[in-house]
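Structure at a glance
For reference, the chains in residue letters:
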Amino acid sequence: MEDAQVWIDKGIEFVTEYGPKVIGAILIYIIGSWIISKLIGVLRKGMLKKDYDESLQKFLLNLVSWALKIFLIIMVISKLGVETTSFAAIIAAAGLAIGLALQGSLSNFAGGVLLIIFKPYKIGDLVEAQGTLGVVKEIEIFTTKLVTPDNKLAIVPNGAMANGNIINYTAEGKMRVDTVIGVGYDEDIKKTKEVLLEVLTSNPKVLQDPAPSVNVMELADSSVNFAVRPYCAPEHYWDVYFATYENCKIALDKAGIEIPYPHAVEIHKEA
């Protein structure tokens, strides 16, 4: 009985000493979390009113959210009676060790900051970087997410994005579609150019400024090749690309203009 009483007394003493601290820490965490969510909501609304770039919004909100959460955790630990100075020293030592172990991640973080500041691309842009072509879906702290033309999600580290070459096809608001159409040597060049140009100007997705162009590009072995170059909005690139080849073939057939088989000369030589 005496042992039981001792344990009961110790339990009462523990609850008396640490109970208020634990309850206080829980209340601080609950109230702090609520305040953080409200602050993030206010910041988000403020950024929307100021018309901040979407990628910048997400980046800054994530950064502020994590900073406030770390501060909240320090407050909770402090309420539990842990010396914050010692805790700060532990965090600094751990940060140094983690920093050395995660140099690549820190490089990606720095790359993300540079991308947000200099804005070589934004969400919705069609870009090519690190051997990947895709539409920017999201710019996160460490990575950029791209959706490729075949609807795959590519995740590229921001360090590589910031330090490598980036081609932004959307930045200028228009793209040139390069296609090549070949016709027989006996065909009339002027008539062929008129037929091909009509195909381009009749496509509603082809821009008229800059104007589409059709020019003789090459005198090949078995054909006269024309550079057929319409301009379009970036989101219409593949539609215009495929439509140009299809409609040019149909239009040339209707006009009676021959499109020779590419290897006609070689086949003739072998025969």
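Preceding this paragraph is the structure being described.
Residues numbered from 1 in each chain as written. Predicted model: local features only at pLDDT ≥ 70, side-chain atom pairs only at ≥ 80, totals over all residues. Heavy atoms only, no water.

1. Observations regarding the overall build of the protein
To keep things clear, this is the line we draw: Numbered from the N terminus, helices here are DSSP runs of H or I no shorter than four residues, and strands are runs of E no shorter than two. Residue exposure (1.4 Å probe, protein chains only): buried if accessible area is under 20% of the type maximum, exposed if over 50%, otherwise partly exposed. Accessible areas in this description were obtained via Shrake-Rupley with a 1.4 Å probe; residue shielding takes into account the shown protein chains only.
A tally of helices and strands in the protein yields eight helices and 10 strands. Residue burial in the protein is summarised as follows: out of 271 residues, 31% are buried. For the protein, the accessible surface area stands at approximately 17,500 Å², while carbon and sulfur atoms represent 62% of it.

2. Considerations on the environment of V214
Where we set the bar: Here a residue-residue contact requires only that any non-hydrogen atoms of the pair lie within 4.5 Å.
Looking at the element boundaries, V214 is found in strand β8 (residues 213–219). On the basis of relative accessible area, V214 is assigned to the buried category, the value being 6%. In this structure, the C-alpha to C-alpha distance between V214 and E194, residues 20 residues apart in sequence, is 8.5 Å. If sequence neighbours within four positions are ignored, V214 has contacts with K193, L196, L197, L200, F226, A227 and V228.

3. Some remarks on the sheet that holds strand β9 (residues 224–229)
Just so we agree on the cut-off: The criterion for strand pairing is that DSSP finds at least two bridges linking the strands in question. Simply put, an axis is a line fit to the C-alpha atoms, just over the touching stretch for a helix, and the angle between two N-to-C directions goes from 0 to 180 degrees.
Spatial ordering of the open sheet is given by β7-β9-β8, a layout of three strands whose pairing is antiparallel. Bordering the open sheet on either side are β7 (179–183) and β8, each of which pairs with just one other strand. Geometrically, the sheet is characterised by an average inter-axis angle of 30 degrees between neighbouring strands, direction not taken into account. In terms of strand pairing, β8 meets β9 through six bridges, oriented antiparallel. The partner of L219 across the bridge, within β9, is V224.

4. Brief notes about the environment of V177
The residue V177 is located in the loop between β6 (175–176) and β7 in this model. Assessed through its relative accessible area of 0%, V177 is described here as buried. Placed 57 residues apart in sequence, V177 and P234 show a C-alpha to C-alpha distance of 9.8 Å.

5. Describing unusual backbone geometry
Put simply, D209 and P210 share a cis peptide bond, and its omega is 0 degrees. As for its placement among the helices and strands, P210 is situated in the loop between α6 (189–201) and β8. We note that Q130 has phi near 55 degrees; this positive angle belongs to a residue other than glycine. On the secondary structure map, Q130 appears in the loop between β1 (126–129) and β2 (132–139). Using a relative accessible area of 44% as the deciding quantity, one classes Q130 as partly exposed. Even without glycine at this site, N151 takes up a positive phi of about 65 degrees. Along the polypeptide, N151 turns up in the loop between β3 (143–147) and β4 (153–157).

That is the geometry; function is a separate question.
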